[in-house]
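One letter stands for each residue in the lines below.
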Amino acid sequence: MRPEGAVPWPEDLARVYRAAGCWRDRPLGSLVWEWAERRGDRVAVVDGGHRLTYLDLALRSDALAEGLAGLGLAAGDTVLLQLPNRWEFVVVTLACLRLGVVPVMMLPAHREHELASIGAHVGAKALVVPDGWRGCDHQELARRVADALPGPARVLVVGDEVRPGCVDVRALMRRGGDPGRRRRRLDERAPDPSDVAVFLLSGGTTGVPKVIGRTHNDYEYNFRRCAEVCGFGPDTVYLAVLPVAHNFALASPGVLGALHAGGRVVLLPTPRPEAVFAAVEAEGVTATSAVPAVVLKWVEAAGSCGRDLSSLRHVHVGGSVLSPEVAARIGPALGCRLQQVYGMAEGLICYTPADAPDEVAHATQGSPISAYDELLVVGPDGRPVPPGEPGELLTRGPYTPRGYFGVPAQNAVSFTPDGWYRTGDLVRITPGGDVVVCGRVKDLINRAGEKISAGEIETLVQEMPEVAEAAAVAVPDPEVGERVCLFVRVRPGRTLTLDDVAGALAARGVAAFKIPERLEVLDELPHTPIGKPDKKRLLDLVAAGGR
Ligand code: J2J
């Protein structure tokens, strides 16, 4: 069953993508056994003391898939998957893929606000959460969200302290029975490869949840091509430090790309330099990926870390702008090659080649991974700009879906009538065909790679009784790239502090990374001629150091 509201590719292009070998018409869940048959006893996933072979992965995900089916979950149902970088994330994802149950890749930092709105939008039938994580009682949180959803939803918990009324995920993985018969039963009801396999979240939702349905066909191509471009193979040891729910660490090439190539995945729930360097040394890590804010910390700490980092061959850096200066320091500091990546959960991925010369690797974001990716750079009038000039990037291709799930009005804005996705990024293309990201036209704030919609923050803040008008803008920051700065006009006789704003948003259950870190209260906000807050002038105020 196809979750209603996903937007398919036109039939003629689907034929082209199949004929070209981009789409192989194999459900992602069936890959697990293909991997296991080729390399069953090799270690696939390492998480601290836990080491799972490819066979373990296949057996556990089948057992869990059967357990999920026993709970009444079936192909086309959606579940909110909110797990940190732990081995169970991999098994739960594969179990869902096996059944055709669609996991929605929530971040561990998401709270009630995000879980409830996305859960309602996709009609989630279950939430999968840790018992607790970083001071948050996720079981409690998930219970509250489940109770508030329009339809019934189960709470599935990964952890030692599963409360009554919740389902113990690890117990489902341990169920007995004949694995051969179970495998055959699951094979028989494998989902259609052109159906949605996973739902990714778009960076920056403007009130309307933007959820991207990635099909089995398109997502397999996504991680297979990325793995090829990054030279992944059986000797790859990939370290996942960014949240694995993010498209970057999940499939670009990330965890799925490394497993598909026969490599080994090491999961780490933190990008802290000491932990990362220790893992590189202990596991012989060959590749990892990071956002610029994280890689900068590694570069600064590497000299005195006292660890052997010689196994590291490549670090993939993307998600936000990497300055050429920092880019040039990465190789010498970490003893590896830099590959820049410009990607998006909506599809298109560009990579600098593994062996690119420095001028390409340091100063561009690379070229599309597929010969079938289409790129168009347009001016404000929607017409293509002359070659080499900056403009907004539009894109289409075999792994760039044609719309968000279930939001036709939003799709009419985010996609052109002939299916181009408007990235909202300003880019130019070099004579060598490489993309250089030079700004953006979309209204979001990119904090260490996490995308925050200015509109979402403004809507929430405007509900505070003190606030007459609000506008959120990005302030440049040396550490995380950008932070949220909020400009506010308060109602007569009222006052407002940053703590008030933080408290109000936290009480609404908004993820901590979205909470404004600077507040400017003005008597009047500057406006554009059509009466919207003039963000250009607000940015000038920020640059001038305040008012
Ligand atoms: C500048 N901006 C960038 C870059 C993404 C791989 C890597 C990243 C993402 C990702 C991803 C950038 N320089 N190198 O999904 O598979 C900004 C752009 C883009 C938006 C997408 C992947 N790389 N960006 O970051 O969906 O603005 O995906 O449109 O989170 O991040 O954000 P997201």
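Computed from a predicted model, the values in this text were never measured in an experiment.

Enquirer: Can you explain the UniProt feature "domain: AMP-binding enzyme C-terminal" (unreviewed entry) in the protein chain? Please cite residues and give values.
Expert: UniProt feature "domain: AMP-binding enzyme C-terminal" (unreviewed entry): in the numbering of this structure it lies at residues 456-532. Between the end C-alpha atoms of residues 456-532 the distance is 15 Å, and the span holds 22% helix and 32% strand.

Enquirer: Tell me about the sheet that holds strand β10 (residues 237-240), residues and numbers included.
Expert: If you trace the nine strands from one edge of the open sheet to the other, you get β2-β1-β11-β10-β12-β13-β14-β15-β16, paired in mixed fashion. The sheet is open, and its two edges are formed by β2 (50-53) and β16 (367-368), each paired on a single side. Pairing geometry for strand β14 (residues 337-344) and strand β15 (residues 347-351), over four bridges, is antiparallel. Note on β15: the bridge partner recorded for V341 is Y351. Of the strands in this sheet, β14 and β15 are in contact with helix α9 (residues 216-229), which crosses β15 at around 5°.

Enquirer: Can you break down the site of the ligand residue by residue, with the values?
Expert: Residues in contact with the ligand amount to 19 residues; listed here are only the nearest, S252, V341, D425, K442 and K451. Between the ligand and the protein, one listed contact pairs an oxygen atom with a side-chain N or O atom of H246 at 3.0 Å. At a separation of 3.0 Å, a nitrogen atom of the ligand approaches a polar backbone atom of G319. Against a free-state accessible area of 620 Å², the protein chains account for coverage of 96% of the ligand. Contributing elements (two or more residues each) for the shell around the ligand: α10 (247-251) and β14. Tallied by class, the residues present in the shell around the ligand amount to eight nonpolar, eight polar and three charged.

Enquirer: Go over the nonpolar core with me, naming the residues and quoting the values.
Expert: Counting 149 residues, the largest nonpolar core has L259, W298, L334 and V461 as its most contacted members. With 10 residues, helix α4 (residues 87-99) is the single largest residue contributor to this core. If we ignore the near neighbours within four places in the chain, the residues touching W298 are V241, P271, P273, V276, F277, T288, S289, A290, V315 and L334. Counting 25 residues, the second-largest nonpolar core is a separate cluster that includes V104, M106, A146 and L149.

Enquirer: Tell me about the environment of Q339, and please be specific about residues and values.
Expert: Here Q339 lies in strand β14. The exposure class of Q339 is buried, given its relative accessible area of 0%. Between the alpha carbons of Q339 and T352 there is a distance of 5.3 Å; along the sequence they are 13 residues apart. Non-local contacts of Q339, meaning those with residues more than four positions away in its chain, are made with V229, C230, H314, V315, H316, V317, Y351, T352, P353 and A354. At 2.8 Å, the side chain of Q339 forms a polar contact with the backbone oxygen of T352.

Enquirer: Account for the packing of aromatic side chains, naming residues and giving values.
Expert: The tally for this structure, following the rule as stated, stands at 10 aromatic pairs. Here F232 and Y238 contribute two aromatic rings whose centre-to-centre distance is 6.1 Å and whose plane-to-plane angle is 50°, an arrangement assigned as tilted. A relative accessible area of 0% means that Y238 is categorised as buried. Three or more aromatic residues joined by ring pairs form one cluster here, namely W9, Y17, W23 and Y372. The lysine or arginine in question, R39, covers the ring of Y54, its NZ or CZ lying 5.2 Å from the ring centre.

Enquirer: Lay out the pattern of salt bridges in plain terms, naming residues and giving numbers.
Expert: By the definition in use, this model includes 41 salt bridges. R307 is the partner of E281 in a salt bridge, and the nearest nitrogen-oxygen pair spans 3.0 Å. Residue E281 is located in helix α12 (residues 273-283), and its partner R307 is located in the loop between α13 (292-302) and β13 (314-318); the two are separated by 26 residues in the primary sequence. Here R307 falls in the partly exposed class, since its relative accessible area comes to 37%. Here E463 makes a salt bridge to R508, at a shortest N to O gap of 2.4 Å.

Analysis parameters
- Residues numbered from 1 in each chain as written.
- Predicted model: local features only at pLDDT ≥ 70, side-chain atom pairs only at ≥ 80, totals over all residues.
- Heavy atoms only, no water.
- UniProt positions renumbered as here; feature names shortened; annotations may be inferred.
- Helix = DSSP H or I, 4+ residues; strand = E, 2+ residues; numbered from the N terminus.
- Pairing = 2+ DSSP bridges.
- Contact = heavy atoms within 4.5 Å.
- Axes fitted to C-alpha atoms, helices over the stretch in contact; angles between N-to-C directions.
- Near = heavy atom within 4 Å.
- Polar contact = N/O pair within 3.5 Å; in protein donor to acceptor, adjacent residues only side chain to side chain.
- Areas by Shrake-Rupley, 256 points an atom, 1.4 Å probe, with all protein chains shown as cover.
- Nonpolar A, V, L, I, M, F, W, Y, C, P; charged D, E, K, R; others polar.
- Core = buried A, V, L, I, M, F, W, Y, C linked by side-chain atoms within 4.5 Å.
- Buried < 20%, exposed > 50% of the residue type's maximum accessible area, 1.4 Å probe, protein only.
- Phe/Tyr/Trp six-rings, centres within 6.5 Å; stacked < 30°, edge-to-face > 60°.
- Lys NZ or Arg CZ within 6 Å of the ring centre and 35° of its normal.
- Salt bridge = Lys/Arg side-chain N within 4 Å of Asp/Glu carboxyl O.

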